[in-house]
Amino acid sequence: MIIGILGAGSWGSALANLLAGNGHDVTVWSIDEKEIEMLNTYREQRDRLPGVHLNETITFTTDLEQTIKGKKMIVCAVPSPFIRSTAKKIAPYITNDQLIVNVSKGIEEATLTPIVEIIESEIPGAKVAVLSGPSHAEEVGIGIPTTVVAGARDMDTAKLIQNTFMNDVFRVYTSTDVTGIELGGSVKNVIALAAGITDGLGFGDNTKAALMTRGMAEILRLGTAMGAHVETLAGLSGMGDLIVTCTSKHSRNRNAGYLIGQGKSYKEAMAEVKMVVEGVYSAKATLKLAKKYGVDMPIVEEVNKVLFEGKPAREAVVDLLTRDRKAEISVEE
Ligand SMILES: NC(=O)C1=CN([C@@H]2O[C@H](COP(=O)(O)OP(=O)(O)OC[C@H]3O[C@@H](n4cnc5c(N)ncnc54)[C@H](O)[C@@H]3O)[C@@H](O)[C@H]2O)C=CC1
Ligand SMILES: O=C(CO)COP(=O)(O)O
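Cut-offs applied
- Residues numbered from 1 in each chain as written.
- Chains lettered and ligands numbered in written order.
- Predicted model: local features only at pLDDT ≥ 70, side-chain atom pairs only at ≥ 80, totals over all residues.
- Heavy atoms only, no water.
- Near = heavy atom within 4 Å.
- Polar contact = N/O pair within 3.5 Å; in protein donor to acceptor, adjacent residues only side chain to side chain.
- Nonpolar A, V, L, I, M, F, W, Y, C, P; charged D, E, K, R; others polar.
- Axes fitted to C-alpha atoms, helices over the stretch in contact; angles between N-to-C directions.
- Helix = DSSP H or I, 4+ residues; strand = E, 2+ residues; numbered from the N terminus.
- Parallel < 35°, antiparallel > 145°, perpendicular 65-115°, else oblique.
- Left-handed = near helix turned anticlockwise from the far one by under 90°.
- Contact = heavy atoms within 4.5 Å.
- Expected span 1.5 Å × (residues − 1).
- Salt bridge = Lys/Arg side-chain N within 4 Å of Asp/Glu carboxyl O.
- Buried < 20%, exposed > 50% of the residue type's maximum accessible area, 1.4 Å probe, protein only.
- Arc of directions from axis to C-beta.
- Pairing = 2+ DSSP bridges.
- Right-handed = clockwise from strand over helix to strand, strands pointing away.
- Areas by Shrake-Rupley, 256 points an atom, 1.4 Å probe, with all protein chains shown as cover.
- Domains from an automatic or database assignment.
- UniProt positions renumbered as here; feature names shortened; annotations may be inferred.

Before going further, it helps to examine the site of ligand 1. Neighbouring ligand 1 are 24 residues; Trp 11, Glu 35, Arg 48, Ala 137 and Glu 278 lie closest to it. Within the side chain of Arg 252, one N or O atom sits 3.0 Å away from an oxygen atom of ligand 1. Contact between ligand 1 and Glu 278: an oxygen atom at 2.6 Å from a side-chain N or O atom of the residue. Looking at the shell around ligand 1 residue by residue, the class counts come to 11 nonpolar, 7 polar and 6 charged.

Listed below in structure tokens is the structure:
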């Protein structure tokens, strides 16, 4: 298949390599000329995915039209804050027979919409789907076994994505629960910030397990209120991604949280992590969604206070622990 990839960061590069390795013809676009120069010179994303040699067949370019025209599939791997602007730019070149596959994770604060809907709103009539799950670029880049889920409103499209991406070490499941996949993949980043914060404060595994489990309860509450299936949220793009992002040394969100727990501001933490920390962009939107759907998300609320209101992280943990006494099964709360 002839494929265009938007975004040459760690995830765009890792997926370009995977798809080229699967025998596809891949062109990768970046807005950043220096990034494209580096990729063409070294065939390596030295800043964001060092050590992974990128397939000789991949074309790297800053030419957006070249990346879109004649491609059957467009993979969208730009960070969430740039999705709308990128969608606006590609809209004139997209035709209705092309499939756009979002692989980014986030919720737009202004509209409270996840990424597939942002792209659909900018390119009416476009066919847009999602691929998500526990999949750090650092591991996909070196062929470590990974599983993800392809979500589309119709199963044939999900199967097309499955067939395109799947290989012996990258297993792709299918689903029609686009909302569940996008929500699980976005809200887990906010919980990962909290998990990192507790690590940075010097707390232990018990605390991390508590945050992940109660974070999952929050994801379930919001997700089901928004029409997502429980099985999706308990699957690769909910529980699976929550596990990887809260525990991995590769996790941008956990690592940013760690620095915040150590006393840095979110801006300092983002600068130090260098790569995109999507949880910071999704935190306010998630809280606004919780309010809109009338669900309780105390961890998300405390993360917002620590990030944006200067609340000391230790105080946020105390406030979470000393909330009103509750029953554990509180999905309907
Ligand atoms: N890195 C990973 O392991 C994974 C990342 N993702 C998601 O993929 C998305 C991209 O993440 P990464 O590749 O990690 O990011 P990254 O931080 O490695 O790369 C960011 C990219 O954004 C590009 N960029 C900067 N300004 C831009 C603009 N105005 N318009 C368009 N592009 C611009 C840069 O050229 C750079 O290539 C995020 O939503 C992330 O959550 C999903 C799964 C795995
Ligand atoms: O979503 C991702 C991996 O599935 C990447 O985000 P993190 O690096 O924060 O875990």
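Structure shown, so let's carry the discussion forward.
The subject of this paragraph is the packing of helix α14 (residues 278-293) against helix α15 (residues 298-308). Where α14 meets α15, the axes come as close as 9 Å, and the angle between the chain directions of the two elements is 130°. By the angle between their directions, the pair α14 and α15 is classed as oblique. Crossing of α14 over α15 shows left-handed handedness. Across the interface between the two elements, Val 280, Ala 283, Lys 284, Thr 286 and Leu 287 from α14 touch Val 300, Glu 301, Asn 304, Leu 307 and Phe 308 from α15. When grouped by side-chain class, the residues that make up the contact of α14 with α15 number 6 nonpolar, 2 polar and 2 charged.

This paragraph deals with helix α8 (residues 178-200). Its 23 residues give α8 an end-to-end C-alpha distance of 34 Å, which sits within 8% of 33 Å, the value for a rise of 1.5 Å per residue. Looking one or two places after α8, you find Gly 202, whose phi comes out positive at around 95°.

Enumeration over the complete set of coordinates arrives at 20 salt bridges. A salt bridge links Arg 48 to Glu 35, with the nearest nitrogen and oxygen atoms 3.6 Å apart. Taken together, the residues Arg 48 in the loop between α2 (33-42) and β3 (59-61) and Glu 35 in helix α2 connect sequence positions 13 residues apart. Classification of Arg 48 by relative accessible area gives partly exposed; the value is 30%. You can call Glu 35 buried: its relative accessible area is 14%. When the shortest N-O distance is used, the salt bridge between Lys 105 and Asp 241 registers 2.6 Å. A residue pair is termed long-range when its members are at least 10 positions apart, and Lys 105 in the loop between β5 (99-102) and β6 (107-108) and Asp 241 in helix α11 (residues 236-247) qualify at 136 residues. No difference in accessibility class separates Lys 105 from Asp 241, as the two residues are buried. Through salt bridges that share partners, Arg 84, Lys 88, Glu 108 and Glu 122 make up one connected network.

What follows deals with helix α13 (residues 266-273). What α13 keeps buried is the set Ala 269, Met 270 and Val 273. Projected down its long axis, α13 carries its buried residues within an arc of 100°, all on one side. Of the residues in α13, the exposed ones pointing more than 90 degrees away from the buried face are Lys 267 and Ala 271. On its buried face, α13 is in contact with α12 (252-261) and α14. Count one or two residues on from α13 and you reach Lys 274, which has phi positive near 70°.

Among the 6 residues that make up strand β9 (residues 146-151), 5 are buried, leaving the element largely enclosed by the rest of the structure. Bridging between strand β8 (residues 127-132) and β9 involves 3 bridges; their strand directions are antiparallel. If you follow Leu 131 over to β9, its bridge partner there is Ala 150. Examined bridge by bridge, β9 and strand β10 (residues 170-175) share 6 bridges and lie parallel to one another. What sits directly across from Ala 150, in β10, is Thr 174. Once you follow β9 into helix α7 (residues 155-165) and on to β10, the crossover reads as right-handed.

Below, the discussion takes up the site of ligand 2. By nearness alone, every residue bordering ligand 2 is listed as Lys 105, Gly 133, Pro 134, Ser 135, His 136, Lys 188, Asp 241, Thr 245, His 250, Ser 251, Arg 252 and Asn 253. Between ligand 2 and the protein, one listed contact pairs an oxygen atom with a side-chain N or O atom of Lys 188 at 2.7 Å. Relative to its free-state accessible area of 300 Å², ligand 2 is covered by the protein chains to the extent of 91%. Counting only elements with at least two residues in the shell around ligand 2, the list comes to α11 and α12. In the shell around ligand 2, the residues fall into 1 nonpolar, 7 polar and 4 charged. Mapped onto the domain boundaries, the shell around ligand 2 takes at least three residues apiece from domain 1 (2-176) and domain 2 (186-321).

So, about the UniProt feature "binding site: NAD(+)" (unreviewed entry) in the protein chain. Per the UniProt record, "binding site: NAD(+)" (unreviewed entry) is annotated on Gly 7, Ala 8, Gly 9, Ser 10, Trp 11, Gly 12, Phe 82, Ala 137 and Arg 252. Residue placement: Ser 10 occurs in helix α1 (residues 10-21). When near neighbours in sequence (up to four residues on either side) are disregarded, Ser 10 contacts Arg 48, Leu 49, Ala 137, Arg 252 and Met 275. Within the fold, Trp 11 resides in helix α1. Residue classification places Trp 11 among the buried positions, given a relative accessible area of 16%.

Segmentation of the protein chain into domains returns domain 1 (2-176) and domain 2 (186-321). Inter-centroid distance (C-alpha atoms) of domain 1 to domain 2 is 25 Å. In this assembly, 23 residues from domain 1 lie in contact with 25 residues from domain 2. Our enumeration of links across domain 1 and domain 2 arrives at 3 salt bridges. A salt bridge links Glu 109 to Lys 288, with the nearest nitrogen and oxygen atoms 3.3 Å apart. Scanning the region where domain 1 abuts domain 2 turns up 9 residue pairs in polar contact (both at pLDDT 80 or more).

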